[in-house]
Number of protein chains: 2
Amino acid sequence: MSGEQELGITESKEHSPGEWYAEVVQKAGLADYAPMGGFIVTRPRGYAIWERIQNNLDGWFKDTGVQNAYFPLFIPESYLEKEKDVVEGFDPEVAWVTHGGHNELEERLAVRPTSESIIAPFMAQWTRSHRDLPMRLNQWCSVVRWEATETKPFFRTKEFLWQEGHTAHADEDGAWEETMTRLDQYARLYEEVMAMPPLKGRKPPHDKFPGAHTTTTIETLMPDGKTVQAATSHYLGTSFGEAFDITYADADEEENTAHTTSWGLSWRAMGALIMTHSDDQGLVLPPALAPDQVVVVPIWQEDNKDEVIDYAADLAAELDEADVRVELDDREHRNPGFKYNEHELHGVPLRVEIGPHEVEDGEATLVHRPDGETETVDRDGIADTVTDHLDTVHAKLYASAEETLEGEIREAESREEILGTIGQHGGYVKCGWCGDEDCEEPIKDAIAAEIVMVPLDRDEEPIHEDCAICGEDAEETAYFAKSY
Amino acid sequence: MSGEQELGITESKEHSPGEWYAEVVQKAGLADYAPMGGFIVTRPRGYAIWERIQNNLDGWFKDTGVQNAYFPLFIPESYLEKEKDVVEGFDPEVAWVTHGGHNELEERLAVRPTSESIIAPFMAQWTRSHRDLPMRLNQWCSVVRWEATETKPFFRTKEFLWQEGHTAHADEDGAWEETMTRLDQYARLYEEVMAMPPLKGRKPPHDKFPGAHTTTTIETLMPDGKTVQAATSHYLGTSFGEAFDITYADADEEENTAHTTSWGLSWRAMGALIMTHSDDQGLVLPPALAPDQVVVVPIWQEDNKDEVIDYAADLAAELDEADVRVELDDREHRNPGFKYNEHELHGVPLRVEIGPHEVEDGEATLVHRPDGETETVDRDGIADTVTDHLDTVHAKLYASAEETLEGEIREAESREEILGTIGQHGGYVKCGWCGDEDCEEPIKDAIAAEIVMVPLDRDEEPIHEDCAICGEDAEETAYFAKSY
């Protein structure tokens, strides 16, 4: 154990968000830096959060017809080249395996940066008849992209964990419905599990996934005013179907090209989660994702030790019985203050304090992690009461994030106004946009903000008649923001 | 869809077990061969089996104090070299990443062949006090070993899926108990989930995991008389603790070296499963692992179609309600015979046939996949009846595998007898053994059989007084067998 003075968070979320984030990740025991730059070690408390994200999404995927599969870690260079040939703009930086044992390989193998180029040929092979469609495959795996940027755990790492879904459908309607089903499931994850309000939108055409017809996105706003692309769902049209020959015989034995989709969510979701809710005391977690939802801390003197600990243990057992994830912290060598700090650092959503007064009065004192709100409640019916309080903690986290978001979507009608508003406040700025990528340039060059989304509905009227940058007719509403 | 004549299994399990195995894996939709030799694509029906193996083991691991984590896919060459320095005999053939993007790396990175060398340094960092112990970490991941052997899906592939557990303990007792806890959980998996009788034993000293004090093993016998090392659990003593400086301060603030263990099970378990139970009609699965446990097949004529299908659908819904994994196969374009063959190929443990007679009499006809046993039962209480029959199917599979095993453990008292017995029957041959690796050589050279295990209990008296090979005093009982 390091010295106790080093246990707490020393950086300020408001004044040094980058350092604060790195400190929370390490001191809350979520991850450590690996010896190779760009890689991290995900520790049990971090991995447990990822497992709960997985379990929620995976259940919804399976309920809606998705099957998990596993494709190879490596992709032959010729397969990646084929994708480059057919998909303009696809040129990922990858890690290359050149030797196996002591021998040089005849063909280099890429460590998968994404798996379209190996999955699509197999989908083509498995798709014969319209009865084979829709085909919905997903894999949970790690991918590697050799980008030389500063490491930020869960946000920017060369290796990251994600799921990638790949589906094929008989027609555009089926594929578009699939695209939206997954986008909605990602939005649900953010709302119901992660206590974060998501924005749903489309990426502008110049920022689509290479080869996609439409890239839809979930954007979430961080407290520092930057947006995070928090999940993505692509309608790929027939471009991959044509390139990889994913065709099927319809009911009349006519050959048709399948429409495909792909969609993914990575552990960047965890990064956004940590950054949104946590504070200068450490990690804050929504109850649905917390490894321990409740910690029961008995506070005793020598003369009442047994009865206080027994009472606390009995209460913890009752919560456990009711499927609350609860820990009884009856460590002898730590005082209550130390325990409070440690569990706050670790993000336990609810603390239950049991002292001699609680025992005497048949009560329990509940303390909410996000805001320290304290309430003394009856011991009777404690499981229901605690469940209600956990719901309240979730609601508080959501409301707080929603409040941040609501104030942070502003409008602008000129280039200067966009620059000034984002420069001063951060957040999103909505404006009319002609649809030309060139009109993004001056904003990007000046303050590194870009068009992070446009409305999902293509027919939605732009908020202003003119493009805020060039003054031509506006075609859409653009959302400018700085972005992680 | 390929031509229907190609749907069924054409190879014979008895006469061409290798070809038969490959055909079952492909035609039952478990896996396909990837474009790179040594790699496979695990299809949904195969991956679903692996997920159920994972879920069972992972639940038991967590119930007994194990936490999941995730360590990097890559290990720097210098880390592997360090393990080679400290662990004699450790020299895995690995896949080397030499380039990231367009640049050559300063240090080559190995794609993890196993993770001791990256996990141990972090365990050292996280282990300060006796209160940090026991530390039990596990990861589910893929590993790559560049062995140039013929590909056999799930048995021999360059990349394979597994779990690797790594734990540290204050003393030998704790670490040894851990080693046995995991071995027992693997044995439980084979017995209760996979319907296979496991043998528990130790590897002979010359076949231990490099650096291990004791390597324990689960061996399972295949129908062709060869054994499979089906899981392994190592007590590592203090060798890794010393090499990687995994030390802790005890209650008296004295520094001590931790005792460590590691243990793993790979998708080779799936290979052993497929090979044990399946037959010339295709895959056979125990109900605990089958993606679909029951298929309900309605058999109708035009004049009774609606009532037969309604009755079947209602029955399927009742099974679903009772958490039986059930599929209703009411496809119009396939006849019942085709459906029977297909579901037998896919290994659905129980078929429920519903024809007009069953509807009229308020009954259902159940057919067991392993042996075709057929019973007509009351429609009332169908969920309980089906659950009982699924238990019976499991018991039949287990009994059949146990019967094979029991006849296949023979004794021998001389080199000639060992060679003759294994040559004629396969299976295991028990004999007295002096403990010298040299006495394994003549058997290995002659028929490629080796000592696959010795009894777990070191104090067990050898079955014969003399070593069957050299005639010196026997120290242990050796189990010779050919091995996958």
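Since the model is a prediction, treat every value here as computed from it, not as a measurement.

1. Topic: the overall build of chain A
Working step 1: Scanning chain A for helices and strands turns up 13 helices and 23 strands.
Working step 2: Radius of gyration (C-alpha) of chain A: 25 Å, near the 23 Å computed for a compact globule of 484 residues.
Working step 3: Referenced to the eigenvectors of the C-alpha coordinate spread, the extents of chain A come out at roughly 85 × 55 × 50 Å.
Working step 4: In chain A, the proportion of contacts linking residues at least 24 apart, taken out of those at least 6 apart, comes to 68%.
Working step 5: For chain A, the exposed surface amounts to about 19,500 Å²; the carbon and sulfur share of it is 41%.
Working step 6: Charged side chains in chain A number 40 positive and 101 negative. The centres of these two groups are separated by 4 Å.

2. Describing helix α12 (residues 415-425) of chain A
Residue and element names in this part refer to chain A.
Working step 1: By the burial criterion, the buried members of α12 are Ile418, Thr421 and Ile422. Summarising the axial view, the buried residues of α12 lie within an arc of 90°, below the 170-degree limit, and thus occupy one face. Structural note: α12 exposes Glu416, Gly423 and Gln424 on the side pointing more than 90 degrees away from its buried face.
Working step 2: Against the buried residues of α12 lie β20 (409-411), β21 (428-433), α13 (441-447) and β23 (476-481).

3. Quick word on the relation of the copies chain B and chain A
Working step 1: When chain B is fitted onto chain A, the two copies agree to an RMSD of 0.0 Å after a turn of 180° and an axial shift of 0.0 Å. On this basis, the relationship between the two copies can be described by a two-fold rotation axis. Relative to the rotation axis, the C-alpha of B:Val97 is the closest in chain B, positioned 2.1 Å from it.

4. Comments concerning the sheet that holds strand β20 (residues 409-411) of chain B
Residues and elements named next belong to chain B.
Working step 1: Spatially, four strands are ordered β20-β21-β23-β22 in an open sheet, and the strand pairing comes out mixed. The sheet is open, and its two borders are formed by β20 and β22 (449-453), each paired with just one other strand. The average undirected angle you get between the axes of adjacent strands in this sheet is 40°.
Working step 2: Inspection of the sheet shows β20 paired to strand β21 (residues 428-433) by three bridges, in the parallel sense. Directly across from Glu411, in β21, lies its bridge partner Lys430.

5. Remarks on the domain arrangement of chain A
Residue and element names in this part refer to chain A.
Working step 1: Domain parsing of chain A yields domain 1 (4-277), domain 2 (294-393) and domain 3 (409-481).
Working step 2: Between the C-alpha centres of domain 1 and domain 3 there is a distance of 27 Å.
Working step 3: Counting residues at the interface gives 19 residues for domain 1, matched by 17 residues for domain 3.
Working step 4: A combined buried area of about 1,500 Å² lies between domain 1 and domain 3, and 61% of that area is made up of carbon and sulfur atoms.
Working step 5: When the buried surface of domain 1 facing domain 3 is broken down by residue, Leu199, Arg202 and His206 rank first, second and third, together holding 45% of it.
Working step 6: The interface formed by domain 1 and domain 3 holds one salt bridge in total.
Working step 7: Residue Glu476 pairs with Arg202 through a salt bridge whose shortest N-O separation is 2.7 Å.
Working step 8: Across the contact surface, domain 1 and domain 3 share nine residue pairs in polar contact (both at pLDDT 80 or more).
Working step 9: Breaking the side of domain 1 that touches domain 3 down by element, the ones donating at least two residues are α5 (172-193), β9 (199-202) and β10 (214-221).
Working step 10: With six residues, β10 is the single largest residue contributor to the side of domain 1 that touches domain 3.
Working step 11: Within the side of domain 1 that touches domain 3, the residues separate by chemical class into six nonpolar, nine polar and four charged.

6. A few points about the pairing of strand β17 (residues 350-354) of chain B
All names here are of chain B.
Working step 1: Most of β17 sits out of view: five of its five residues are buried.
Working step 2: Alignment of β17 against strand β18 (residues 363-368), held across four bridges, turns out to be antiparallel. If you follow Glu353 over to β18, its bridge partner there is Thr365.

7. Observations regarding the nonpolar core
Generally speaking, soluble globular proteins have nonpolar side chains that are buried together.
Working step 1: Ranked by internal contacts, the top residues of the largest apolar core, which has 193 residues, are A:Phe74 and B:Phe74.
Working step 2: Those residues in contact with A:Phe74 that sit more than four places away from it in its chain are A:Val97, A:Leu109, A:Ala110, A:Val111, B:Met36, B:Phe39, B:Ala95, B:Val111, B:Val144 and B:Trp146.

8. Examining the environment of A:His259
All names here are of chain A.
Working step 1: Relative to the assigned elements, His259 resides in strand β14 (residues 259-266).
Working step 2: C-alpha separation for the pair His259 and Ala175, spaced 84 residues apart in sequence, amounts to 6.0 Å.
Working step 3: Once residues within four sequence positions are removed from consideration, His259 is found in contact with Thr167, Ala168, His169, Ala170, Asp171, Glu172, Ala175, Tyr235, Gly237 and Thr238.
Working step 4: Within the local environment of His259, its side chain forms a polar contact with the side chain of Tyr235, the two groups lying 2.8 Å apart.

9. So, the sheet that holds β20(A)
The strands making up a sheet associate through backbone hydrogen bonding, with each pair oriented either parallel or antiparallel.
Residue and element names in this part refer to chain A.
Working step 1: Spatial strand order, β20-β21-β23-β22: four strands in an open sheet with mixed pairing. The two strands at the open ends of the sheet, each matched to only one other strand, are β20 and β22 (450-453). Taking the axes of each pair of neighbouring strands and ignoring which way they run, one obtains an average angle of 45° across the sheet.
Working step 2: Judged from the five bridges that link them, β21 and β23 form a sheet pairing that is antiparallel. Looking across to β23, one finds that Gly432 is bridged to Thr477.

10. Some details on the pattern of salt bridges
Side chains bearing opposite charge may pair, as long as their charged atoms lie close to each other.
All names here are of chain A.
Working step 1: If you walk through the whole model with that rule in mind, you get 48 salt bridges over all chains.
Working step 2: Put simply, Glu192 and Arg188 hold a salt bridge, and the shortest N to O gap is 3.0 Å. Taken together, the residues span about one helical turn, with Glu192 and Arg188 both in helix α5 at a distance of four residues.
Working step 3: The exposure class of Glu192 is partly exposed, given its relative accessible area of 45%.
Working step 4: In this structure, Lys339 engages Asp329 in a salt bridge whose closest nitrogen and oxygen atoms are separated by 3.7 Å. Placement of the pair is Lys339 in helix α9 (residues 336-346) and Asp329 in the loop between β16 (326-328) and α9, with a sequence separation of 10 residues. Taken as a pair, Lys339 and Asp329 share a single burial class, namely buried.
Working step 5: When salt bridges that share partners are traced, they join Asp329, Arg331, Lys339 and Glu342 into one network.

Basis of the calculations
Residues numbered from 1 in each chain as written. Chains lettered and ligands numbered in written order. Predicted model: local features only at pLDDT ≥ 70, side-chain atom pairs only at ≥ 80, totals over all residues. Heavy atoms only, no water. Helix = DSSP H or I, 4+ residues; strand = E, 2+ residues; numbered from the N terminus. Rg over C-alpha atoms; globule rule 2.2 N^0.38 Å. Contact = heavy atoms within 4.5 Å. Areas by Shrake-Rupley, 256 points an atom, 1.4 Å probe, with all protein chains shown as cover. Lys, Arg positive; Asp, Glu negative; His and termini not counted. Charge placed at Lys NZ, Arg CZ, Asp CG, Glu CD. Buried < 20%, exposed > 50% of the residue type's maximum accessible area, 1.4 Å probe, protein only. Arc of directions from axis to C-beta. Least-squares fit on C-alpha atoms with pLDDT ≥ 70 in both. Pairing = 2+ DSSP bridges. Axes fitted to C-alpha atoms, helices over the stretch in contact; angles between N-to-C directions. Domains from an automatic or database assignment. Buried area = accessible area lost by both parts, 1.4 Å probe. Salt bridge = Lys/Arg side-chain N within 4 Å of Asp/Glu carboxyl O. Polar contact = N/O pair within 3.5 Å; in protein donor to acceptor, adjacent residues only side chain to side chain. Nonpolar A, V, L, I, M, F, W, Y, C, P; charged D, E, K, R; others polar. Core = buried A, V, L, I, M, F, W, Y, C linked by side-chain atoms within 4.5 Å.

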